[in-house]
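# Structure assessment
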Amino acid sequence: MSTLWVGTSWKMTKTLAEGRAWASGLRDHLAGKAPAGVQPFVIPSFTATTAVADILGEDSPVLLGVQNAHWEDAGAWTGEVSVPQARDAGAQIVEIGHSERREHFGETVETTRLKAAAALRHGLTPLLCIGETLEVKDAGGSSEFILGQARGALEGLDDQQLSRVVIAYEPIWAIGEKGRPATTEELIEPFAALGEEYAGKVAGLLYGGSVNLDNAADLLGIEHVTGLFVGRTAWQLEGYLELLRIAEAHAAA
Ligand code: 13P
């Protein structure tokens, strides 16, 4: 069975003190070893990146990410952070194309493609987020839409590059306070479509959107799902640790 990626983005939450407490709690709990069959990852906000990197330490089993990065290596791009800067701060993953960035910050298929290429160029893992609106879903177009987003962002990559990419399918209607968790039935078809094109070729196919302690095990049971990308449930360390336990049990089953 493939490794299960289980991680969280803190989005725009946590003070430095809160971030440090979460990260040191995780470090102490894991004591240098990831749960068997599980790849943990955490994506703090930029302000906490180096603090979390220092707390986790160089040989941590937890991968560290940033929530966005620019495609250029350096230059006059006020307010942006480049992939080399993210790497310098300790990041190993670059999250790309979250629906909140597509909706509010002008992220497009073209910019996700440029950012994925930049991450790969500098040896970081692109975590590509894809997902459709409720309108698209209700019109029956989910699979076609998300495949379009994935193909557009990953266009031109060779097999070796593709093998370093992680894809997270996060239906927009399932994310955040206004979202509702997708049911297993709703996810079978989109993951079949993603699996047909990307299973065994990318490093992971994750589900995200209102993952909680009650639905996590079922979500991991969906064919082609190899991990979970989590917001609110993991922002309290205890929630994240419980998700890691659920994933470890699933990996062992
Ligand atoms: P929630 O788990 O809070 O719905 O957020 C999911 C998400 O957007 C992770 O990127």
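The structure under discussion appears in the preceding block.
Anyway, here's the lowdown on the structure attached to this text. (Residues numbered from 1 in each chain as written. Predicted model: local features only at pLDDT ≥ 70, side-chain atom pairs only at ≥ 80, totals over all residues. Heavy atoms only, no water.)

## Let's talk about the site of the ligand
Near the ligand you find Lys11, His98, Glu170, Ile175, Gly176, Gly209, Ser210, Phe229, Val230, Gly231 and Arg232, and these make up its full shell. Within the side chain of Arg232, a nitrogen or oxygen atom sits 2.6 Å from an oxygen atom of the ligand. (Near = heavy atom within 4 Å. Polar contact = N/O pair within 3.5 Å; in protein donor to acceptor, adjacent residues only side chain to side chain.)

## Quick word on the sheet that holds strand S3 (residues 63-66)
The eight strands are arranged S1-S2-S3-S4-S5-S6-S7-S8 in a closed barrel whose pairing can be described as parallel. With direction set aside, neighbouring strand axes in the sheet form an average angle of 25 degrees. Summarising the sheet, strand S6 (residues 166-169) and strand S7 (residues 204-208) pair through four bridges and their orientation is parallel. Paired with Tyr169 across the two strands is Tyr207, which belongs to S7. (Pairing = 2+ DSSP bridges. Helix = DSSP H or I, 4+ residues; strand = E, 2+ residues; numbered from the N terminus. Axes fitted to C-alpha atoms, helices over the stretch in contact; angles between N-to-C directions.)

## Regarding helix H12 (residues 237-252)
Since the α-helix advances by 3.6 residues per turn, residues separated by three or four positions end up pointing in the same direction. Taking 1.5 Å as the rise per residue, H12 with 16 residues should run 22 Å; its terminal C-alpha atoms sit 23 Å apart, in good agreement. Within H12, the full set of buried residues consists of Leu237, Gly239, Tyr240, Leu241, Leu243, Leu244, Ile246 and Ala247. Tucked into the core, H12 has its buried residues touching strand S1 (4-9), helix H1 (16-30), strand S2 (38-43), helix H10 (216-220), strand S8 (227-230) and helix H11 (232-235). (Expected span 1.5 Å × (residues − 1). Buried < 20%, exposed > 50% of the residue type's maximum accessible area, 1.4 Å probe, protein only. Contact = heavy atoms within 4.5 Å.)

## Re unusual backbone geometry
The backbone phi angle of Lys11 is positive, close to 50 degrees, even though this residue is not glycine. Relative to the assigned elements, Lys11 resides in the loop between S1 and H1. Residue Ala31 is not a glycine yet carries a positive backbone phi of 50 degrees. Relative to the assigned elements, Ala31 resides in the loop between H1 and S2. In this structure Ala31 comes out as exposed when scored by relative accessible area, which is 63%.

## Overview of the side chain of Asn68
Residue position: Asn68 is located in the loop between S3 and helix H3 (83-88). Residue classification places Asn68 among the buried positions, given a relative accessible area of 8%. At 2.7 Å, the side chain of Asn68 forms a polar contact with the side chain of Lys115. Sequence-distant contacts of Asn68, defined by excluding residues within four places in its chain, comprise Phe46, Glu80, Val94, Glu95, Arg101, Glu107 and Lys115.

## Concerning the pairing of S3
Burial along S3 is two-sided: the face carrying Leu63 and Gly65 and the face carrying Leu64 and Val66 are both buried. Sheet analysis places S2 next to S3, joined by two bridges and oriented parallel. Its bridge partner lying in S3, Phe41 is registered against Leu63. Following the chain from S2 across helix H2 (residues 49-56) to the adjacent parallel S3, one finds a crossover that is right-handed. Of the pairings in the sheet, the one linking S3 to strand S4 (residues 93-96) comprises two bridges and is parallel in character. (Right-handed = clockwise from strand over helix to strand, strands pointing away.)

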